[in-house]
Structures are given as C-alpha cells and as structure tokens.
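One-letter residues, chain by chain:
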Amino acid sequence: MFWKLASISSSSPVEAILDKENFTLEELLDEDEIIQECKALNSRLINFLRDRAQVEQLLHYIIEEPPEDAENKRIFKFPFIACEIFTCEIDVILKTLVDEEELMNLLFSFLEPDRSHSMLLAGYFSKVVICLMIRKTIPLMNYVQAHQHVFRQLVDLIGITSIMEVLVRLVGADDHVYPNFIDVIQWLAEGNLLEMIVDKLSPSSPPEVHANVAETLCTITRVASSTLAIKLSSPRFCAARLYFFLIYACKLIIKFFLLCSFVAKILGYALEDSQSKSSLVNSLSVCISLLDPKKSAVSSPLFPSFRSQNMYEPPIPVNPDTIGAMLPKLGELLVLLDVSSDNKVLPTTYGELRPPLGKQRLKIVEFIAVLLKTGNEVAEKELANSGTIRRVIDLFFEYPYNNSLHHHVESIVSSCLESKSDAIIDHILRDCDLVGRFLQVDKHCLLSAESNQPTVLAAGKRGTRVGNIGHITQIFNKLVHLAHNQSHILACLQENSEWNEWQAAVLQQRNVVENVHRWACG
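Computed from a predicted model, the values in this text were never measured in an experiment.

A.B. asks: Break down the overall build of the protein chain for me, with residues and values.
C.D. replies: The secondary structure content of the protein chain amounts to 32 helices and three strands. Considering the protein chain as a whole, with its 522 residues, one finds that 50% of them fall into the buried category. The long-range share in the protein chain, meaning contacts at least 24 apart out of those at least 6 apart in sequence, stands at 71%. Accessible area of the protein chain: about 25,400 Å², with a carbon and sulfur share of 52%.

A.B. asks: Quick one: what's the story with the pattern of salt bridges, residue by residue and with numbers?
C.D. replies: Two side chains carrying opposite charge are able to pair once their charged atoms lie near each other. With the rule as written, the count across this model stands at 26 salt bridges. Of the charged contacts in the structure, one is a salt bridge between Asp442 and Arg510, with a shortest N-O distance of 2.9 Å. Taken as a pair, Asp442 in helix 29 (residues 434-443) and Arg510 in helix 32 (residues 499-514) lie far apart in primary sequence, 68 residues in all. When salt bridges with common partners are traced through the structure, they connect Asp30, Asp32, Lys73 and Lys77 into a single cluster.

A.B. asks: Go over helix 12 (residues 161-170), please, and point to the residues and values.
C.D. replies: Of all 10 residues that make up helix 12, seven are buried, and the element is covered over most of its length. Ser162, Ile163, Met164, Val166, Leu167, Val168 and Leu170 are the residues of helix 12 that are buried.

A.B. asks: Just give me the short version of the packing of aromatic side chains, but keep the residues and values in it.
C.D. replies: How two aromatic rings sit relative to each other is set out by the distance from centre to centre and by the angle between their planes. Under the criterion given, the structure shown has 13 aromatic pairs. Both rings, one in Phe396 and one in Phe438, keep their centres 5.6 Å apart while their planes meet at 45°; by these two values the pair is tilted. Taken together, the residues span a long stretch of sequence, with Phe396 in helix 26 (residues 388-398) and Phe438 in helix 29 at a distance of 42 residues. Neither residue differs from the other here; Phe396 and Phe438 are each classed as buried. For the ring pair Phe476 and Trp502, a centre distance of 4.6 Å and an interplane angle of 50° mean the geometry is tilted. Of this pair, Phe476 sits in helix 30 (residues 469-483) while Trp502 is found in helix 32, placing the two residues 26 residues apart along the sequence. This pair shows no difference in class: Phe476 is buried, exactly as Trp502 is. Following the ring pairs from residue to residue traces out a cluster consisting of Phe396, Phe397, Phe438, Phe476, Trp499 and Trp502.

A.B. asks: Residue-level account of the side chain of Asn212, with values.
C.D. replies: By the element assignment, Asn212 lies in helix 15 (residues 207-221). According to the relative accessible area criterion, Asn212 is buried, its value standing at 9%. Apart from the residues lying within four places of it in its own chain, the contact partners of Asn212 are Ile158, Gly159, Ile160, Thr161 and Met164.

A.B. asks: So what about the environment of Asn511? Which residues, and what values?
C.D. replies: Residue placement: Asn511 occurs in helix 32. With a relative accessible area of 29%, Asn511 lands in the partly exposed category. Residues Asn511 and Gln474, 37 residues apart in the sequence, show an inter-C-alpha distance of 9.7 Å. Ignoring anything within four residues of it in the chain, the contact list for Asn511 reads Thr473 and Asn477.

A.B. asks: Tell me about unusual backbone geometry, and name the residues and values.
C.D. replies: Looking along the chain, the bond that leaves Arg354 and enters Pro355 is cis, with omega of -5°. With respect to the helices and strands, Pro355 occurs in the loop between strand 2 (351-353) and helix 24 (359-373). The phi dihedral of Leu41 falls on the positive side, at around 60°, and the residue is not glycine. Of note, Leu41 is situated in the loop between helix 3 (34-39) and helix 4 (43-49).

A.B. asks: Give me the packing of helix 5 (residues 52-63) against helix 6 (residues 72-87): which residues, what numbers.
C.D. replies: It is at 8 Å that the axes of helix 5 and helix 6 come closest, and there the two elements cross at 125°. With respect to helix 6, the axis of helix 5 lies oblique. Along this stretch, helix 5 crosses helix 6, giving a crossing that reads as left-handed. Contacts between helix 5 and helix 6 involve Val55, Leu58, Leu59, His60, Tyr61 and Ile62 from the former and Arg74, Phe78, Pro79, Ala82, Cys83, Ile85 and Phe86 from the latter. Within the contact of helix 5 with helix 6, the residues separate by chemical class into 11 nonpolar, one polar and one charged.

A.B. asks: So what's going on with the sheet that holds strand 2? Residues and values would help.
C.D. replies: Reading across the sheet, the three strands line up as 1-2-3 and stay open at both edges, with antiparallel pairing between neighbours. Looking along the sheet, the strands with just one partner apiece sit at the ends: strand 1 (346-347) and strand 3 (455-457). Two strands pair when backbone bridges link them, and strand 2 and strand 3 are joined in this way by three bridges, in the antiparallel orientation. Paired with Gly351 across the bridge in strand 3 is Leu457.

A.B. asks: Lay out the environment of Glu89 in plain terms, naming residues and giving numbers.
C.D. replies: Looking at the element boundaries, Glu89 is found in the loop between helix 6 and helix 7 (91-99). Counting along the chain gives 39 residues from Glu89 to Val128, while the straight-line C-alpha distance between them is 9.5 Å. Here Glu89 is in contact with Leu94, Cys131 and Arg135, once residues within four sequence places are set aside. A polar contact is formed between the side chain of Glu89 and the side chain of Arg135, at a distance of 2.7 Å.

Conventions used here
- Residue indices follow the written sequence of each chain, beginning from 1 at its first position.
- Selection of residues for local features in this predicted model requires a pLDDT of at least 70, selection of side-chain atom pairs for listing and counting requires 80 or more, and totals for whole chains, interfaces and linings are taken over all residues.
- To get the side-chain values, take all heavy atoms of the structure and skip hydrogens and water.
- A run of H or I in DSSP becomes a helix once it reaches four residues, and a run of E becomes a strand once it reaches two; helices and strands are each numbered from the N terminus.
- Residue exposure (1.4 Å probe, protein chains only): buried if accessible area is under 20% of the type maximum, exposed if over 50%, otherwise partly exposed.
- Residue contacts follow a heavy-atom distance rule, with two residues in contact if any of their heavy atoms lie within 4.5 Å.
- Residue-level accessible areas treat just the shown protein chains as cover; the underlying method is Shrake-Rupley with a 1.4 Å probe.
- Salt bridges are defined by distance alone: a side-chain nitrogen of Lys or Arg within 4 Å of a carboxyl oxygen of Asp or Glu.
- Ring pairs shown here join Phe, Tyr and Trp side chains whose ring centres sit within 6.5 Å, with only the six-membered ring taken for Trp; geometry is labelled stacked below 30 degrees between planes, edge-to-face above 60, and tilted in between.
- Comment: axis = line fitted to C-alpha atoms, over the contacting stretch for helices; angle = value between 0 and 180 degrees taken between N-to-C directions.
- Every angle not falling under 35 degrees, over 145, or within 65 to 115 is termed oblique; those three ranges are roughly parallel, roughly antiparallel and roughly perpendicular.
- In this scheme the crossing of two helices becomes right-handed for a clockwise turn of the near helix relative to the far one and left-handed for an anticlockwise turn of less than a right angle.
- Just so you know the grouping, Ala, Val, Leu, Ile, Met, Phe, Trp, Tyr, Cys and Pro go in nonpolar, Asp, Glu, Lys and Arg go in charged, and all remaining residues, Gly too, go in polar.
- Here, strands pair whenever DSSP counts at least two bridges between them.
- We call two N or O atoms a polar contact when they sit within 3.5 Å, provided that within protein one can donate a hydrogen and the other can accept it, with sequence-adjacent residues counted only if both atoms are side-chain atoms.

Quick look at the structure:
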C-alpha cells in the first residue's frame, strides 16, 4: 500500500528523539511537532513528560526568568512550549502536578514579591492555573484554601491583567460551578479578601491597578444575577435546590459590600484625592456595577457569554442600603462637576474646549444616570435638592458636541419623567426649565463665537450646528408620548406658550423626515 512507502510514511521527529538512548527534555521542547504529538496522546512522549522531574523542569521554564546570556529559544520557545504542554490538558501530567505539594508550591512561587513578574511569564502562569481550575478544580481549591497567602499575593499583583484573571476565576466570579463551590465562596466571604481588593482603589495605587480592581469587583457583583439565570432555567427540583444555596453563597460576597461599609469606603477612595482621576473613575465604575450589574457587563472584556445572555433581562432590584451609603457623597461629586476653576484647554476642529469635560466628570454623570434609573425616591429627592440634576442639564448645553454626555443626560431626563413623584417631574420641567431651554437651543442651533460656555468657536470660523439636537428631539418625543397618559406632564408642557406651535410646525415634520422606514431606496 502507498502509506508503507518510505518516501511517504516517515516517523515523527519526536519518535526519533525518543528512540535515542540518552535524550533531554530540551531536545523535545526544541522539536516543533511536540505539541501535535501531545494532542495525539503519544504514549511514549506522555509517559516521559508525566515524570516528576520533567514536570518540575517545565514549571521552571514558566515561572523563572531566563539568564541574561540565554539563547532566544530559552527565552521565548521553551516557556511557550512548556505552557502549551500543560494546557493540552493531559490528565496524567496535571495529576503529577496537583498531587505533589512541592510542585504546587513551585508553581505559585511565581507570586512571591521578590520575583520578577514579566507580562510574558505572568500570561503563562495564568494559563496553567486556569487550566488546573477547569480540569483539577478540587485539588487546586484545596491547595489554595490551605495556603491563604496565595490570595494576598494575587491581590498584590492585580495590576497585571493575567494575574487578575486568575483571581477572578479563583473567587468563582466566572460562574464556574464545582462540587465544593458553596463552601469556598462562603470561606472567601468570611475572610478579608474583599478588604484587600478594595484597598487597592486607594489613590496611591497606579492606574492599571485601579482598572483591574474595578474589573474584579464589577465581575464579583455580577455573580448572583448569572447564577440566578441558571436556577430559573433548571428543570429539576434537586438542581434548583442546589442553585438556591449557590445563589445564597454568592450573595454573601455582595452583602459584604454593605456589612463592612465597603460602599462608603469605595466612594471615600474616589474622593480622597481629586487629582487621582483613575481612582475616581474606577471607583465609580464599581458603584455603577452595584446599582446595575448588567450595565457593567456590556462593557466588560471578560466573559462575553454573560453579556450576550443577560443584557436584555429586566433590572435587578437594588438594596436600598446600597443607595443609602452612596447619597452622603453626592455633594462632593457635585463640586467636581464645576468646570469654572479648571484652566485646561483642548484644541478641537471647531475651536477649543475650556476646559474639556474629562473622563472623570463623564463618569460622575453616568453614575447619576444609573442611580436615578433605580427609581429610589430618596435618591431622586437628594439629587433634586442638591442641585445635581440642574447641574447635569447645564453640562448638556455647555458641551454640545459630547455625545456620550448627551446619552447619559437623556437617560437622566427619562428617569425623571418616568418617576412616580410629581415633585421630580416638576423639578425637571419647571425648576430646570427643560422645555424652554430645549426650544431656545433648537431655534439657535449654531455654535456662537460670543458664547461664554466652555465650548468656544474659533475666531473667524463659521458656526457649526450643535450636536445635541438629535437627543433633544428624542426627549421631546418621549415627552409627547408620556403626556398622552400623564396629565401632570401635559399641564407642564402647556405652560410654555411656544410648545404647541413648535410641536406642530417643527417636531412632527422632523419626525416625518427622520423616519427611515419611509425613505425610498435607490
């Protein structure tokens, strides 16, 4: 047969190495086909690699920086191949690793503070630990429980994204359910893990640490909602009962945010140093996730399956105590929305921003939008009385080209209009004069060079159309819709003498023009 011909059927280079009387692990790692042979479950190769001495050497390649005079294959190829061998998920190789505590100690010695933590090796370490998490879950979690310093070391290195992913997996925030998951989550909740993570939001930490801490805490807040979805879809009573206790265990972590005043602590770090924009932005991201876990999931780069499955579900009720812990800090956040003392200048295509809105102010507006969306009457009253809603409306006009800001302000206005409290509706329509200000902008929709607003038109340049007209139109359409069913809103609209004429002459015509379903093709 043709496959017996020597010119066509040749032995694997790996087999040729294994046939030698004396060969080394390095010879195998240097062979390009080793991963293919591992995946093909080459018994001779696997029996060699499962040996304790070989597993130990593979770990050394993953966790230790190569010597300065090392060859390129020692620096790049050997660590990569060693990592790939572990992630081939060959049971006997992984068993050798988890059954030997000394080997596990060697693996996690990568986290020791006196070691070098390059991004390359951190990525390999992360892949191996996550592989163990999936294939050898119970032995791995038993090891971690017996060596509690591992979590502290992980938190200390949370600024490295690969290490953050390991931490997220270990705390069960990826919804990976295993037999003793409930016990582990309860053990974590009773410890000081969250305190250690939250403390990293301190302004003294670097921006990359703030970002990864926020991602970790946001992911933890999403645990309860995702397991709830599993419970609801479970057809069996036993499974449903199991997931009932699972949800309870997961919620222990979220309740710790309240019981230990974590919300106040997070906001305290956000406002501790006004110069630390990273701390403010990421701390508010955590608060937003506590108020609306699914909102943070939409922008999360981790766990895309969660986003696709949960982003269209109804909102989760928010614990009033969570909101109550946030309200005392609203006054300090309102101060940060004042742009008068900011002397920064940002050149733009149409002129200048003096100052630019900035990511931190935009995040504050987003936080206010999510807070109002909860429908909490105490929060609504506090936001109105403090002047926060009025200030946000002012920003809408001061920055007419910031579409992200306009989106959040539209959400704030919608939440106020849909409020059960007539006082909030009166505040937004009467006190803030929403309709009157919108009509003025719609009539004078070109940016003026004489304006004293932060958005400044360049001298001698023709004014361009402001960029918030579309959002104004959407808000007006919502007002018209709500006025059909709410006499109080209708009465507020009728107080403006220009409203009826503008609605008939401008709004209706604009809706006809912008109705894409009426556009002719071709």
